[in-house]
Amino acid sequence: MTNNTLPISVTIITLDEAERIGMAIESVRDWVDEVIIVDSGSTDGTQNIAAALGAKVIHHDWPGYGLQKRFAEDQAKNDWILNIDADERILPELKSEIVTLFTESSRQADGYFIAIHDRLYCSNRLSTYTPYKPVRLYRKSKGRYSTSTVHDRVHMLPGSKTAELKGRMAHDSLRSFHQRIEKMNEYTEAQSDDMLARGRKPSTFRILTELWIYFIVGYFFRGYWRGGLMGYIYAVNFAYSRFLRQIKLFEKEHKKKNSILY
């Protein structure tokens, strides 16, 4: 870190991200004040890689997605937070836009939406379909991550101002299909637990239709069709994850009612 850096704390949560954490840190380390890694117990050397690149590494046992990102916020010394995931990179045009915001004192919002584009697996090109646009650059005095165990969203305080940045973030979500299936299984397990805790009930109609509806949503409305064969695969993955959480909710509700352990 240098004296020319911006008063921004970058927060990243990790678990066994040795393959990807280096590129995430390198996309920000030369122009932000600090990079904070909150690791929940990596065994692949993630912590050493991050520390060697100048990041501050803190261990914190896994409490859930929102809570872990909220803990990371608490470790930041700056009010401005830029949150990225270990499989995301800040692209040059987004870096330039953020630098301009701070060096020209042109910030007119308390939180900024940033478009996140998948980098298609087995390809080095970014997707052209409708991206995910969460608030990722924000003042922690005006917005905080939720306390949900499965949802990691910044909740801005009433009266706070938001705007959208034009630059993009790249998302390298797939390391392998094996890893993708494992992650999907883990995440839908947490989602179904959360749904059950919130009183959500399984629906036969949703079990029968969820897969097909969300394939159509992903392939046509999200624009995965533009990605060719890989876009089709992404749409199937998206739809199957929705189906999976519904059948897991069905299973958990059945066990709860009948007190049966399989």
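Nothing here was measured: the structure is a model prediction, and the numbers come from that model.

Participant: Help me understand the overall build of the protein chain, please; the structure alone is not making it clear to me.
Facilitator: The helix and strand inventory of the protein chain stands at seven helices and 10 strands. A compact globule built from 262 residues would reach a C-alpha radius of gyration of about 18 Å, and the protein chain, at 19 Å, matches this within 12%. Judged by the C-alpha coordinates and their principal axes, the protein chain covers about 60 × 45 × 40 Å. Here the analysis covers contacts within the protein chain between residues at least 6 apart in sequence; of these, 73% occur between residues at least 24 apart. Computed over 37 positive and 32 negative side-chain charges, the separation of the two mean positions in the protein chain equals 6 Å.

Participant: How should the side chain of Ser42 be read in this particular structure?
Facilitator: With respect to the helices and strands, Ser42 occurs in the loop between β2 (32-39) and α2 (46-52). Setting aside residues no more than four positions away along its own chain, Ser42 makes contact with Thr14, Leu15, Asp16, Glu17 and Gln47.

Participant: How do you make sense of the packing of helix α6 (residues 204-221) against helix α7 (residues 228-258) when you look at a structure like this?
Facilitator: When two helices pack together, their arrangement is given by the angle between the helix axes and by the axis-to-axis distance. Contact geometry of α6 with α7 gives a least axis separation of 8 Å together with a crossing angle of 155°. Of the possible angle classes, the one that applies to α6 and α7 is roughly antiparallel. Here the hand of the crossing between α6 and α7 comes out right-handed. Residues Arg206, Ile207, Glu210, Leu211, Tyr214, Phe215, Val217, Gly218 and Tyr219 of α6 lie in contact with α7, whose contacting residues are Gly231, Tyr232, Ala235, Val236, Phe238, Ala239, Tyr240, Arg242, Phe243, Gln246, Ile247 and Phe250.

Participant: It is not clear to me how the sheet that holds strand β3 (residues 56-59) should be interpreted in this structure. Could you clarify?
Facilitator: Within the open sheet, the eight strands sit side by side as β3-β2-β1-β4-β7-β6-β10-β5. Their pairing is mixed. Each of the sheet's edge strands pairs with one partner strand only, and the pair in question is β3 and β5 (88-90). When the angles between neighbouring strand axes are averaged without regard to direction, this sheet yields 30°. Of the pairings in the sheet, the one linking strand β4 (residues 80-83) to strand β7 (residues 135-139) comprises three bridges and is antiparallel in character.

Participant: Whenever I open this one, the layout of surface pockets confuses me. Can you help?
Facilitator: To find leftover empty space, a probe the size of one water molecule is rolled over the atoms. Quantified by volume, the largest pocket comes out at close to 1700 Å³. Lining the largest pocket are 48 residues, and of these His171, Ser173, Arg180, Lys183 and Tyr187 lie nearest its centre. At 10 residues, the largest contribution of residues to the lining of the largest pocket is made by helix α5 (residues 177-197). Classifying every residue of the lining of the largest pocket gives 18 nonpolar, 11 polar and 19 charged.

Participant: Is there a simple way to explain the side chain of Ser9 in this structure?
Facilitator: Along the chain, Ser9 falls in strand β1 (residues 6-14). Apart from the residues lying within four places of it in its own chain, the contact partners of Ser9 are Glu34, Ala76, Lys77, Asn78, Trp80, Ile81 and Leu82.

Participant: Mind showing me how you'd approach the pattern of salt bridges here?
Facilitator: A pair can form between side chains of opposite charge whenever their charged atoms are brought close. Per the stated rule, a full pass over the model turns up 24 salt bridges. Asp110 is paired through a salt bridge with Arg139; the nearest N and O atoms lie 3.1 Å apart. Note that Asp110 is positioned in the loop between α4 (92-103) and β6 (111-118) and Arg139 in strand β7, a separation of 29 residues in sequence. One salt bridge connects Lys252 with Glu189, and the closest N-O pair in it is separated by 2.6 Å. With Lys252 in helix α7 and Glu189 in helix α5, this residue pair connects regions lying 63 residues apart in the sequence. Classification of Glu189 by relative accessible area gives partly exposed; the value is 32%. Through salt bridges with shared partners, one network takes in Lys69, Asp85, Glu88, Arg136, Asp152 and Arg153.

Definitions and limits used
- Residues numbered from 1 in each chain as written.
- Predicted model: local features only at pLDDT ≥ 70, side-chain atom pairs only at ≥ 80, totals over all residues.
- Heavy atoms only, no water.
- Helix = DSSP H or I, 4+ residues; strand = E, 2+ residues; numbered from the N terminus.
- Rg over C-alpha atoms; globule rule 2.2 N^0.38 Å.
- Contact = heavy atoms within 4.5 Å.
- Lys, Arg positive; Asp, Glu negative; His and termini not counted.
- Charge placed at Lys NZ, Arg CZ, Asp CG, Glu CD.
- Axes fitted to C-alpha atoms, helices over the stretch in contact; angles between N-to-C directions.
- Parallel < 35°, antiparallel > 145°, perpendicular 65-115°, else oblique.
- Left-handed = near helix turned anticlockwise from the far one by under 90°.
- Pairing = 2+ DSSP bridges.
- 1 Å grid on protein atoms, 1.4 Å probe; cavity = no way out; pocket = protein on both sides within 12 Å on 5 of 7 lines; lining within 4 Å.
- Points joined across faces, edges and corners; volume = space filled by probe spheres on them.
- Nonpolar A, V, L, I, M, F, W, Y, C, P; charged D, E, K, R; others polar.
- Salt bridge = Lys/Arg side-chain N within 4 Å of Asp/Glu carboxyl O.
- Buried < 20%, exposed > 50% of the residue type's maximum accessible area, 1.4 Å probe, protein only.

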